[in-house]
Amino acid sequence: MSQEQTPLFSGLVAHAKRNPIQFHIPGHKKGAGMDTEFRQFIGDNALSIDLINIGPLDDLHQPKGIIKQAQDLAAEAFGADRTFFSVQGTSGAIIAMIMAVCGPDDKIIVPRNVHKSIMSAIVFSGAIPVFIHPEIDKELGISHGITTDSVEKALKQHPDAKAILVINPTYFGISADLKKIVEIAHSYHVPVLVDEAHGVHIHFHDQLPLSAMQAGADMAATSVHKLGGSMTQSSILNVREGLVSAQHVQTILSMLTTTSTSYLLLASLDVARKQLATKGKQLIDRTIKLSQSMRKRINEIDHIHCVGKEILGSKATFDYDPTKLIISVKDLGLTGYEVEKWLREKYNIEVELSDLYNILCIVSLGDTETEADILVNALNNLSIECEHRVGQIEPIEVLLPEIPVLALTPRDAFYSETEVVPFEESEGRIIAEFVMVYPPGIPIFIPGEIITKENLHYIRKNLEAGLPVQGPEDDEIKTIRVIKEYKAIQ
């Protein structure tokens, strides 16, 4: 088949045109049984292909027809042996990826700055995480990747590990030397799993970091919806056979995936793959040029810095994705969250994320000079507004969370007997829940770690800044769930 074809999307459209009488779910029956306002907004075309796994339309759980053809084309486009579609986002693909290689008490080597879905998978599987400390950028207040040296050291100490997981690229677009990491891991016969949530596009342009499949990784969970043009919640899991079994991956995916799979999401993966495979280089080339132009213009604005190639050179910053605009605003005397709110209220601009010191703006295939001009002009006006106060600002000391000691496995902690204690009195206790700022969703605490004074202070600072601290059952973060302690009987 040709990469110009879209077997899944075309098959759905052909089925809709036949207009069969549907005595099957979904119950809205092409929109006829749906709220009129919603139907008119969504449109009859979309509702006509909101279908279910009847015979002519194949079945994601055991594909043999148009879904299999679409997945085979995706595997060819991404250089994988097998590609599986996910309608449960990259989080679902990541959980399946880890559970396909790890069971109870198996070791998995992971960076500590992983997404919450990875830690969720570790809780579900009962695996034991062996943490590698990521390289910290003390200027920006963010974590980068892991180094080849730390990977070698971890594998020497834990040659029985079932897998090593790498984030490539990070949320902020920074990549480690993934090809070298894969070579080291494979010398120990350990498979490399890649969280490629923010890197679907890198496979299709030679000016971007190497993709997981290009670097020889064994599995990669990739968000096509984030930067590849498919609908939100649609992702893929790429597999290279050898150290992992694609059939076993299919089994695990099927266990975790709804049986009512969304054909709208699946079809969007099919057409996004076509666009990336046939026009990706051209579209991404334009996107890179636009983002580099924006970076240059932003760096001409006083007291605002947009990170570029100067970030490269350390062992953990091997390459970067220029379409991610990391914009440091701390020299304005503002938090990233304050800038995010200002852009929303004054210019109707929404950014990808903000933290205590930065905002992150993503430039994608859908952006043009029009949007670029609006953002650059807004930031220029912000700088002018803040000019009168900049000289009075004390230099900001970047605050970073430390990596706590893991006292229990995440699974044991999560399922232990627990109690709730006041947030301010939790220092020294073993936490039984997650605490993170989302986005980016990197846990400050995971179940089983010892609560530290420094990280409580970091959480407090994020709360004071208005940032979205999530995870605990108490959404006001006044209390924390910890492992229950028993006093000695006197």
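Structural data are supplied above this passage.
Undergrad: Mind showing me how you'd approach the nonpolar core here?
TA: The biggest cluster of nonpolar side chains holds 35 residues, and the ones touching the most others in it are Ile98, Ile108, Leu193, Met219 and Leu237. Of all the elements in the fold, those that place two or more residues in this core are helix H5 (89-99), strand S2 (107-111), helix H6 (116-125), strand S6 (163-167), strand S9 (219-222), strand S10 (235-239) and helix H10 (246-256). Considering each element in turn, this core owes the most residues, 6 residues, to H5. With residues up to four places along the chain from it excluded, the contact list for isoleucine 108 reads Ile98, Cys102, Ile122, Ala127, Ile128, Pro129, Val130, Ala163 and Leu193. Leu8, Phe85, Val224 and Leu269 belong to the second-largest nonpolar core, a separate cluster that totals 32 residues.

Undergrad: Could you clarify how one ought to interpret the packing of aromatic side chains in this entry?
TA: Any aromatic ring pair is given by two values, namely how distant the centres are and how the planes are angled relative to each other. Counted under the stated rule, the structure contains 4 aromatic pairs. Between the aromatic rings of phenylalanine 78 and phenylalanine 204, the centroid separation amounts to 5.1 Å while the plane-to-plane angle is 80°, which identifies the pairing as edge-to-face. In this pair, phenylalanine 78 is assigned in helix H4 (residues 66-78) and phenylalanine 204 in the loop between strand S8 (192-196) and S9, connecting sequence segments 126 residues apart. Residue class for phenylalanine 204 comes out buried when judged on its relative accessible area of 11%. Both rings, one in tyrosine 171 and one in phenylalanine 172, keep their centres 6.3 Å apart while their planes meet at 45°; by these two values the pair is tilted. Here tyrosine 171 matches phenylalanine 172 in class, with each residue buried. The ring of tyrosine 438 has lysine 116 sitting right over it, with the charged end atom 5.3 Å from the ring centre.

Undergrad: What am I meant to see in the pairing of S8 here?
TA: The side chains of a regular strand alternate between the sheet's two faces. With 5 of 5 residues buried, S8 lies mostly within the body of the structure. Burial along S8 is two-sided: the face carrying Val192, Val194 and Glu196 and the face carrying Leu193 and Asp195 are both buried. As paired elements, S6 and S8 share 4 bridges and run parallel to each other. Bridged to isoleucine 167 within S8 is aspartate 195.

Undergrad: How should unusual backbone geometry be read in this particular structure?
TA: The residue after tyrosine 438, namely proline 439, is reached through a cis peptide bond having omega -10°. Looking at the element boundaries, proline 439 is found in the loop between strand S17 (435-437) and strand S18 (442-445). Of note in this structure, asparagine 19 is not a glycine but carries a positive phi near 55°. Within the secondary structure, asparagine 19 sits in the loop between helix H1 (7-18) and helix H2 (36-42). With relative accessibility at 49%, the residue asparagine 19 sits in the partly exposed group. Located in the positive-phi region is lysine 30, a residue other than glycine, with phi close to 60°. Residue classification places lysine 30 among the partly exposed positions, given a relative accessible area of 24%.

Undergrad: Is there a simple way to think about the side chain of glutamate 433 in this case?
TA: Looking at where glutamate 433 falls in the secondary structure, it is placed in the loop between strand S16 (418-422) and S17. No salt bridge is formed by the buried glutamate 433, whose closest oppositely charged neighbour, arginine 481, lies at an N-O distance of 5.0 Å. In this structure the side chain of glutamate 433 is engaged in a polar contact, spanning 3.0 Å, whose partner is the backbone nitrogen of glutamate 473. Engagement of the side chain of glutamate 433 in a polar contact is seen with the backbone nitrogen of arginine 481, the distance being 2.9 Å.

Undergrad: Looking at this model, I keep getting lost on the sheet that holds S17. Mind explaining?
TA: Within a sheet, neighbouring strands are paired by backbone hydrogen bonds and run either parallel or antiparallel to one another. Spatially, 3 strands are ordered S18-S17-S19 in an open sheet, and the strand pairing comes out antiparallel. Lying at the two open borders of the sheet, with one neighbouring strand each, are S18 and strand S19 (469-470). Here S17 runs beside S18; their pairing, made up of 3 bridges, is antiparallel. The residue bridging methionine 436 from the neighbouring strand is proline 443, located in S18. On the sheet, helix H15 (residues 453-465) packs against S17, S18 and S19 and is oriented at approximately 125° with respect to S18.

About the cut-offs
Residues numbered from 1 in each chain as written. Predicted model: local features only at pLDDT ≥ 70, side-chain atom pairs only at ≥ 80, totals over all residues. Heavy atoms only, no water. Core = buried A, V, L, I, M, F, W, Y, C linked by side-chain atoms within 4.5 Å. Buried < 20%, exposed > 50% of the residue type's maximum accessible area, 1.4 Å probe, protein only. Helix = DSSP H or I, 4+ residues; strand = E, 2+ residues; numbered from the N terminus. Contact = heavy atoms within 4.5 Å. Phe/Tyr/Trp six-rings, centres within 6.5 Å; stacked < 30°, edge-to-face > 60°. Lys NZ or Arg CZ within 6 Å of the ring centre and 35° of its normal. Pairing = 2+ DSSP bridges. Lys, Arg positive; Asp, Glu negative; His and termini not counted. Salt bridge = Lys/Arg side-chain N within 4 Å of Asp/Glu carboxyl O. Polar contact = N/O pair within 3.5 Å; in protein donor to acceptor, adjacent residues only side chain to side chain. Axes fitted to C-alpha atoms, helices over the stretch in contact; angles between N-to-C directions.

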